[in-house]
Amino acid sequence: MEVISSFNSDWPRIAALKLKLGHLVAFPTETVYGLGADAQNEFAVSRMYEVKARPRNHPVIIHISSIQYLDKWVINTPEYAKKLANFFWPGPMTLILQRSKIAKDFITGGQDSVGVRIPNNKIAQKLLKEFEDLGGCGVAAPSANRFGQVSPTSASDVSEEIQDYLNSSDLILNGGSCTLGLESTILDCRSKSPIILRPGALEKEMINEIAGIKVMDYDLTNKIRTSGQNKSHYKPKALVYLKGVPQTGDGYIALNSFKTPNDSVRLASPKDNSQFAQQLYSALRLADKFGLTRVFIEVPRTGPLSDAIMDRVSKMVL
Ligand code: TXA
Ligand code: MG
């Protein structure tokens, strides 16, 4: 496995060719790092599942460089979903739509739907374009962590997570730290109104306004879908607490307006919600590196991203 920096001017050609030849390429997006495989290559996708140790019935998101590739993967896109796509892409939004014939069971986990996203990160964009120039159609990419672990937000996080499982032809693209740090908002767009399956950086009010239809809350729909929901997910080794006061030697994550209690170990002091989201996963990784057994998180209750942050951390305490 090789790690290649985005400062190496040859990286787009090298990385796209690797994908086309069926190797795996981990790459940065604005949300988290993805572990990419040619979405039409069953062997490559199957290796990606092995590297992640992910159950085969968990569908993966297809990443494309521009909206012209959407119709290759999906059919029957409702008008409101087209509006969302045109407005929010490239960006941290995944649309779940009815799949086309090229979205095979090995991508969708056997479901009739498929998730698609255009990431807003220069390196991801360049990689996808270059791959499409070689005749590729889309890159399947789950977060580049082992199943059940916290998503990686830097190339070194990716190495720590999966380097032991990659082989010498695979590649990790180093594009620095992810700017958002939390996974994309997932919207199921197969019914009359969109349903939030996973909250993210897009605020509900914005989605309502652009879609022109009221979005349904994920809480109400947890029973409808099973993938990645209602389960303990995204978890560090340390036990996570959202209530209570940390004691000496416990980890502590809170906005910088909160003082560090007792002799706890301050893992992050973000100045606002967006920094909180960006630093959360790396702070949890730090807790594991320090060998801490407990981490207390003071989650922002209001403001941008508070729903998305609460969604992720509440799954860590299950
Ligand atoms: O920000 C992101 O979305 C990142 C970056 C790399 O793009 N990707 C990501 O992928 O978080 P992953 O596989 O770690 O999480 C995707 C979630 C999973 O919970 C999966 O079950 C769900 O999306 N998903 C994917 N396709 C789906 C589908 N057709 N129907 C329902 N859920 C789906
Ligand atoms: Mg994931």
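Chemist: Just checking my understanding: could you explain the overall build of the protein for this structure?
Modeler: Broken down by element type, the protein carries 11 helices and 15 strands. Taking 2.2 N^0.38 as the reference for a compact globule, 318 residues should give roughly 20 Å; the C-alpha atoms of the protein span a radius of gyration of 19 Å, in line with that estimate. The dimensions of the protein, computed from C-alpha atoms along their principal axes, are 60 × 50 × 30 Å. Per-residue burial over the protein gives 55% buried out of 318 residues. Long-range pairs, those at least 24 residues apart, make up 66% of the contacts in the protein with a sequence separation of at least 6.

Chemist: Explain the packing of helix α10 (residues 273-289) against helix α11 (residues 306-316) here, please?
Modeler: Helices that pack against each other are described as a pair by the angle of their axes relative to one another and the distance between those axes. Direction vectors running N to C along α10 and α11 enclose 20 degrees, while the axes themselves pass 10 Å from each other. Here α11 runs roughly parallel to α10, going by the angle between their axes. For α10 against α11, the interelement crossing comes out left-handed. Of the residues in α11, those in contact with Asn273, Phe276, Ala277, Leu280, Tyr281 and Leu284 of α10 are Ser306, Ile309, Arg312, Val313 and Met316. Looking at side-chain class alone, the contact of α10 with α11 contains 8 nonpolar, 2 polar and 1 charged residues.

Chemist: Whenever I open this one, the packing of aromatic side chains confuses me. Can you help?
Modeler: Aromatic ring pairs are reported here in terms of the distance separating the ring centres and the angle at which the planes meet. The final tally for this structure, using the stated rule, is 2 aromatic pairs. Measuring from centroid to centroid gives 5.0 Å for phenylalanine 87 and phenylalanine 88, while their planes differ by 80 degrees, and the two rings are edge-to-face. Taking NZ or CZ as reference, arginine 294 lies 5.3 Å from the ring centre of tyrosine 241, over its face.

Chemist: How do you make sense of the nonpolar core when you look at a structure like this?
Modeler: Soluble, globular proteins show a tendency: their nonpolar side chains are buried together. With 50 residues, the main nonpolar core has Leu35, Met48, Trp73, Leu84, Leu95, Ile107 and Leu187 as its most contacted residues. Discounting chain neighbours no more than four positions away, the residues touching leucine 187 are Leu84, Met93, Thr94, Leu95, Ile96, Ile195, Ile196, Ile207 and Val215. By size, the runner-up hydrophobic cluster in this structure holds 26 residues, among which are Phe276, Ala287, Ile309 and Met316.

Chemist: Is there a simple way to explain a nonpolar patch on the surface in this structure?
Modeler: Judged by side-chain polarity, Leu17, Leu21 and Leu134 come together as a nonpolar surface patch covering roughly 280 Å² of accessible area. Residue classification places leucine 21 among the exposed positions, given a relative accessible area of 60%.

Chemist: Honestly, the packing of helix α1 (residues 11-20) against helix α6 (residues 122-133) in this entry has me stumped. Any pointers?
Modeler: Between α1 and α6, the shortest axis-to-axis distance is 8 Å and the interhelical angle comes to 55 degrees. In this view, α1 runs oblique relative to α6, as classed from their interaxial angle. The chirality of how α1 crosses α6 is right-handed. Contact residues: α1 offers Trp11, Pro12, Arg13, Ala15, Ala16, Leu19 and Lys20, while α6 offers Ile123, Lys126, Leu127, Glu130 and Phe131. A per-class count over the contact of α1 with α6 returns 8 nonpolar, no polar and 4 charged.

Chemist: Help me out: how do you make sense of the site of ligand 1 in this one?
Modeler: Thr31, Arg54, His63, Ser143 and Ser184 are the nearest of the 23 residues found near ligand 1. One of the side-chain nitrogen or oxygen atoms of arginine 54 is found 2.8 Å away from an oxygen atom of ligand 1. Side-chain polar atom of serine 184 to an oxygen atom of ligand 1: 2.6 Å apart, as the coordinates give it. Looking at the shell around ligand 1, the elements with two or more residues in it are β4 (61-63) and β7 (113-117). In terms of residue count, β7 provides more of the shell around ligand 1 than any other element does, 4 residues in total. Its residues placed into classes, the shell around ligand 1 shows 8 nonpolar, 10 polar and 5 charged.

So, how was this worked out
- Residues numbered from 1 in each chain as written.
- Chains lettered and ligands numbered in written order.
- Predicted model: local features only at pLDDT ≥ 70, side-chain atom pairs only at ≥ 80, totals over all residues.
- Heavy atoms only, no water.
- Helix = DSSP H or I, 4+ residues; strand = E, 2+ residues; numbered from the N terminus.
- Rg over C-alpha atoms; globule rule 2.2 N^0.38 Å.
- Buried < 20%, exposed > 50% of the residue type's maximum accessible area, 1.4 Å probe, protein only.
- Contact = heavy atoms within 4.5 Å.
- Axes fitted to C-alpha atoms, helices over the stretch in contact; angles between N-to-C directions.
- Parallel < 35°, antiparallel > 145°, perpendicular 65-115°, else oblique.
- Left-handed = near helix turned anticlockwise from the far one by under 90°.
- Nonpolar A, V, L, I, M, F, W, Y, C, P; charged D, E, K, R; others polar.
- Phe/Tyr/Trp six-rings, centres within 6.5 Å; stacked < 30°, edge-to-face > 60°.
- Lys NZ or Arg CZ within 6 Å of the ring centre and 35° of its normal.
- Core = buried A, V, L, I, M, F, W, Y, C linked by side-chain atoms within 4.5 Å.
- Patch = residues over 30% accessible without salt bridge, like charges linked within 9 Å, V, L, I, M, F, W, Y side chains within 5 Å.
- Areas by Shrake-Rupley, 256 points an atom, 1.4 Å probe, with all protein chains shown as cover.
- Salt bridge = Lys/Arg side-chain N within 4 Å of Asp/Glu carboxyl O.
- Near = heavy atom within 4 Å.
- Polar contact = N/O pair within 3.5 Å; in protein donor to acceptor, adjacent residues only side chain to side chain.

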